[in-house]
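Each chain, letter by letter, is given below.
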Amino acid sequence: MQLIEGESLDARIAKGPLKLVDALRIGEQIAQGLKAAHAKGVIHRDIKPQNGMVGDDNRVTLMDFGLAH
């Protein structure tokens with residue numbers, strides 16, 4: 001498993017409201033990740049803040065494909 005230095009999206013949200021520009025950037029990256037997974041026939045089925053990791057470089061990675069179909 002890849003090591004991602006950063007924090008989960010739910011931990012980031014717990015610190016307080018996200019700036020609009022950050023929320024849009026994170027949402028766009030999640031949408032791009034889901035699009036890539038869907039293109040390979042994979043459906044995540046468990047999208048929630050705990051399953052998004054925001055790296056120290058502000059890159060979002062989707063985690064926990066355990067319920068994927």
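Note that this is a predicted model, so its numbers are computed, not measured. (Residues numbered from 1 in each chain as written. Predicted model: local features only at pLDDT ≥ 70, side-chain atom pairs only at ≥ 80, totals over all residues. Heavy atoms only, no water.)

**Examining the overall build of the protein chain**
Broken down by element type, the protein chain carries two helices and three strands. Element order for the protein chain, N to C, with α for helix and β for strand: β-α-α-β-β. A compact globule built from 69 residues would reach a C-alpha radius of gyration of about 11 Å, and the protein chain, at 12 Å, matches this within 12%. Its C-alpha atoms put the protein chain at 35 × 25 × 20 Å along the principal axes. In the protein chain, which comprises 69 residues, the proportion classed as buried is 29%. A separation of at least 24 residues holds for 60% of the contacts in the protein chain among residues at least 6 apart in sequence. Surface summary for the protein chain: the accessible area is close to 4,900 Å², and the carbon and sulfur share equals 58%. (Helix = DSSP H or I, 4+ residues; strand = E, 2+ residues; numbered from the N terminus. Rg over C-alpha atoms; globule rule 2.2 N^0.38 Å. Buried < 20%, exposed > 50% of the residue type's maximum accessible area, 1.4 Å probe, protein only. Contact = heavy atoms within 4.5 Å. Areas by Shrake-Rupley, 256 points an atom, 1.4 Å probe, with all protein chains shown as cover.)

**Here's the deal with the nonpolar core**
In terms of nonpolar packing, the biggest core is built from seven residues, these being Leu9, Ile26, Ile30, Leu34, Val54, Val60 and Leu62. Elements with a minimum of two residues in this core: helix H2 (20–39) and strand S3 (60–62). Counting residues per element, this core draws most heavily on H2, at three residues. Once residues within four sequence positions are removed from consideration, Leu62 is found in contact with Ile30, Gly33, Leu34, Ile47 and Asn51. (Core = buried A, V, L, I, M, F, W, Y, C linked by side-chain atoms within 4.5 Å.)

**Some details on the pattern of salt bridges**
All told, the structure shown has four salt bridges when counted by the stated rule. The shortest N-O distance in the salt bridge between Lys15 and Glu7 comes to 3.0 Å. Judged by its relative accessible area of 66%, Lys15 is exposed. Lys48 is the salt-bridge partner of Asp46, the closest N and O atoms lying 3.7 Å from each other. Relative accessible area serves as the criterion here: at 38%, Lys48 is assigned to the partly exposed category. What you see here is one network of salt bridges that share partners, running through Glu7, Arg12 and Lys15. (Salt bridge = Lys/Arg side-chain N within 4 Å of Asp/Glu carboxyl O.)

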